[in-house]
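Reading the structure
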Amino acid sequence: MSPMKLCVPGERLCSTEDCIPGTGTYLRHGYIFASLAGYVLRKNEGEELPVISVVRETEAQLLPDVGAIVTCKVTSINPRFAKVHILYVGSTPLKDRFRGTIRREDVRATEKDKVETYKSFRPGDIVLAKVISLGDVQSNYLLTTAENELGVVVAHSEAGAQMVPISWCEMQCPRTHAKEFRKVARVQPEYLQA
């Protein structure tokens, strides 16, 4: 996703031949101008020309998109799926809370029928996942962890210690040395922060 263009009031955005004016804009002499400072948005809303509008920073919202890597926190699990709250899209924190679902068949790429949700995730785990389907008002975003780079990145043991990955399917508590099953992500170096 490319960064959104900033504009100031009175800035010429485009010709009326290229776009239809939307909110935060006005028409003058065949051109569309910004009427407020903010971000320029172009949306195709079924018309032949896109609608151009200007929104303030508080109105601009990054949304999870299909194919985006998201960071989420597991809120609940059952045998068929794990429910999560999406916290970040890439490295950008979200202002609003979005819900997601990781279905049992989307946990890993192989042996999908043998996946057990409680052996992959636990409530409170921080997970890297990829968006495979957009949500709507009633449903959640559908997510997958069926790649080596996706899965649990942070988990805490019952003793409260942050666990250490020991294989792609197990994490160990450094305090009690108890092992717990998880679908562990092989975190890529670009996601690690010093």
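Let me sum up the structure you'll find in this document. Worth saying up front: this structure is predicted, and the values here are computed from it rather than measured.

Counted according to the given criterion, the structure contains nine salt bridges. For the salt bridge of Glu-11 with Lys-5, the shortest nitrogen-to-oxygen distance reads 2.8 Å. Residue class for Glu-11 comes out partly exposed when judged on its relative accessible area of 24%. In this structure, Glu-180 engages Arg-122 in a salt bridge whose closest nitrogen and oxygen atoms are separated by 3.4 Å. Within this pair, whereas Glu-180 is found in strand β16 (residues 179-181), its partner Arg-122 is found in the loop between β10 (92-103) and β11 (126-133), the two being separated by 58 residues in sequence. Judged by its relative accessible area of 25%, Arg-122 is partly exposed. Each of the salt bridges in this network shares a partner with another, and the network as a whole consists of Arg-122, Asp-125, Glu-180 and Arg-182.

Let us look at the side chain of Ser-157. As for its placement among the helices and strands, Ser-157 is situated in the loop between β13 (151-154) and β14 (164-167). In contact with Ser-157, other than residues within four places in its own chain, are Met-163, Cys-173 and Glu-180.

What follows is about the sheet that holds strand β2 (residues 12-15). Consider a sheet: its strands pair through backbone hydrogen bonds, and that pairing is either parallel or antiparallel. Spatially, the three strands line up as an open sheet ordered β2-β5-β4, and their pairing is antiparallel. This sheet does not close on itself; its edge strands, each paired only once, are β2 and β4 (25-28). On average, adjacent strands in this sheet sit at an angle of 30° to one another, irrespective of strand direction. Pairing geometry for β2 and strand β5 (residues 31-34), over three bridges, is antiparallel. Residue pairing for β5: Cys-14 is matched across the bridge by Ile-32.

This part takes up the side chain of Thr-71. By the secondary structure assignment, Thr-71 is in strand β8 (residues 69-77). What Thr-71 contacts, discounting residues up to four positions off in sequence, is His-85, Ile-86, Leu-87, Tyr-88, Gly-90, Ile-126, Val-127 and Leu-128.

Below, the discussion takes up the nonpolar core. In this structure, Val-70, Cys-72, Ile-86, Ile-102, Phe-121, Val-127 and Leu-143 are the most contacted members of the largest nonpolar core, which totals 24 residues. For this core, the elements supplying multiple residues, two or more each, are β8, β9 (81-89), β10, β11 and β12 (141-144). Residues Cys-7, Leu-13, Cys-19 and Ile-52 belong to the second largest nonpolar core, which totals ten residues.

Criteria and thresholds
- Residues numbered from 1 in each chain as written.
- Predicted model: local features only at pLDDT ≥ 70, side-chain atom pairs only at ≥ 80, totals over all residues.
- Heavy atoms only, no water.
- Salt bridge = Lys/Arg side-chain N within 4 Å of Asp/Glu carboxyl O.
- Buried < 20%, exposed > 50% of the residue type's maximum accessible area, 1.4 Å probe, protein only.
- Helix = DSSP H or I, 4+ residues; strand = E, 2+ residues; numbered from the N terminus.
- Contact = heavy atoms within 4.5 Å.
- Pairing = 2+ DSSP bridges.
- Axes fitted to C-alpha atoms, helices over the stretch in contact; angles between N-to-C directions.
- Core = buried A, V, L, I, M, F, W, Y, C linked by side-chain atoms within 4.5 Å.

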